[in-house]
Amino acid sequence: MQRKLDDDDHGRDTGLRILLIEDQRDIAANIWDFLELRGFVMDHAADGANGLRMALDGGYDVIVLDLGLPKLDGIDLCRALRRANRDTPVLMLTARDTLQDKLTGFAEGADDYVVKPFAMKELEARIRALYRRGRMQHGDRLHVADLVLDPLDHVVERAGRKLNLTRAGFVLLEALMRKSPNLVRHGDLAHALWGDGGGDIATLHTHLSVLRATIDRPFDIHLLHTVHGFGYRIAEHANA
Ligand code: CA
């Protein structure tokens, strides 16, 4: 099973969820088509106000943000996002290739820049680099009781014993541990696993019962708790 995790690791960059905020329909369509073909899960907003609302709703791995947007421009959107403590990496697109724009953008929390016109492959490379950098920053090990998950090395241990999880199990456990001891709703778990593409609740429950068998069944204290009708939470105490 460890080998399986390693094999899957090569594909971990695909399925990245991208929010594209771009008002020029032709540019947006080109980017969408290219990245979707490359395995990204795409979402789009055509103005800054909608873009901010979607960005705040969260669930994106990288935001691709045009600088010049109707309703709310890219700099203001970025500032609002950071003020709301959202640290989703932002790649800004700009036609205005001036130093001042770049400096302003970085000051407001953009992580990288691409100047229009750009090659799609360049855009993809920058997105992947930002995603990896974001993961490094969030690469700290997660702990709940004696359960430990290492997001970078893809290792899960409990009571010092290495556990073999499926890829789905790993994704779900990471999502649950990041919110521990809080509830994670069915919809958010499904989104972590499948993006916006859906998947069904029966399959989700199956993945979670496989996960439970791995992380809880061999141990006295059960950490994964079902909140009927809502979702799941992971915590040392059932009613914490
Ligand atoms: Ca624009």
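The structure this text deals with has already been given above.
Just so it is clear, the structure is predicted and the values come from calculations on it, not from any experiment. (Residues numbered from 1 in each chain as written. Predicted model: local features only at pLDDT ≥ 70, side-chain atom pairs only at ≥ 80, totals over all residues. Heavy atoms only, no water.)

The sheet contact formed by strand β1 (residues 17–21) and strand β2 (residues 41–45) spans five bridges and is parallel. Across the sheet, residue Ile 21 finds its bridge partner in β2, namely Ala 45. Once you follow β1 into helix α2 (residues 25–37) and on to β2, the crossover reads as right-handed. (Pairing = 2+ DSSP bridges. Helix = DSSP H or I, 4+ residues; strand = E, 2+ residues; numbered from the N terminus. Right-handed = clockwise from strand over helix to strand, strands pointing away.)

Time to look at the sheet that holds strand β7 (residues 147–150). With respect to topology, four strands assemble into an open sheet ordered β6-β7-β8-β9, the strand pairing being antiparallel. At either margin of the open sheet sits one strand with a lone partner, and together these are β6 (142–144) and β9 (161–163). Looking at each pair of strands side by side, their axes are set apart by 25° on average, direction ignored. Relative to β9, strand β8 (residues 155–158) runs antiparallel, the two sharing three bridges. Note on β9: the bridge partner recorded for Glu 157 is Lys 162. Against the sheet, helix α7 (residues 167–179) touches β6, β7 and β8, its axis set at about 110° to β7. (Axes fitted to C-alpha atoms, helices over the stretch in contact; angles between N-to-C directions. Contact = heavy atoms within 4.5 Å.)

Turning to the pairing of strand β12 (residues 231–234), a few remarks are in order. A two-sided burial pattern is seen for β12, the buried positions comprising Gly 231 and Arg 233 on one face and Tyr 232 and Ile 234 on the other. Bridge analysis of strand β10 (residues 183–185) against β12 gives three bridges, and the strand direction is antiparallel. Each bridged residue has a counterpart across the sheet, and for Arg 185 the counterpart in β12 is Gly 231. One ladder, built from four bridges, connects strand β11 (residues 224–227) with β12; its direction is antiparallel. Residue His 225 lies in a different strand from β12, and its bridge partner there is Arg 233. Between β11 and the antiparallel strand that follows it, β12, lie three residues; Gly 229 among them carries a positive phi value of about 85°. (Buried < 20%, exposed > 50% of the residue type's maximum accessible area, 1.4 Å probe, protein only.)

Relative to the 18 Å expected for 13 residues at 1.5 Å per residue, α7 spans 19 Å between its end C-alpha atoms, a close match to the ideal helical length. Of all 13 residues that make up α7, 10 are buried, and the element is covered over most of its length. For α7, the set of buried residues is Ala 168, Gly 169, Phe 170, Val 171, Leu 172, Leu 173, Glu 174, Ala 175, Leu 176 and Met 177. (Expected span 1.5 Å × (residues − 1).)

Here we take up the pattern of salt bridges. Opposite charge on two side chains permits pairing when their charged atoms draw close. Inspection of every chain in the model, using the stated rule, returns 14 salt bridges. Between Glu 122 and Arg 126 there is a salt bridge whose closest N-O contact spans 2.7 Å. Remark: Arg 126 and Glu 122 occur in helix α6 (residues 120–137); sequence separation between them is four residues, near one turn of the helix. On the basis of relative accessible area, Glu 122 is assigned to the partly exposed category, the value being 33%. In this structure, Asp 216 engages Arg 158 in a salt bridge whose closest nitrogen and oxygen atoms are separated by 3.0 Å. Taken together, the residues span a long stretch of sequence, with Asp 216 in the loop between α9 (201–215) and β11 and Arg 158 in strand β8 at a distance of 58 residues. Accessibility expressed as a relative area gives 1% for Asp 216, which makes it buried. Taking relative accessible area as the criterion, Arg 158 reaches 2% and is therefore assigned buried. Taken together, the salt bridges that share partners define one network made up of Glu 22, Asp 66 and Lys 116. (Salt bridge = Lys/Arg side-chain N within 4 Å of Asp/Glu carboxyl O.)

With that settled, the discussion passes to the side chain of Asp 47. With respect to the helices and strands, Asp 47 occurs in the loop between β2 and α3 (48–57). Separated by 2.8 Å, the side chain of Asp 47 and the backbone nitrogen of Asn 50 make a polar contact. When neighbours within four sequence positions are excluded, Asp 47 is seen to be in contact with Ile 21, Pro 70 and Lys 71. (Polar contact = N/O pair within 3.5 Å; in protein donor to acceptor, adjacent residues only side chain to side chain.)

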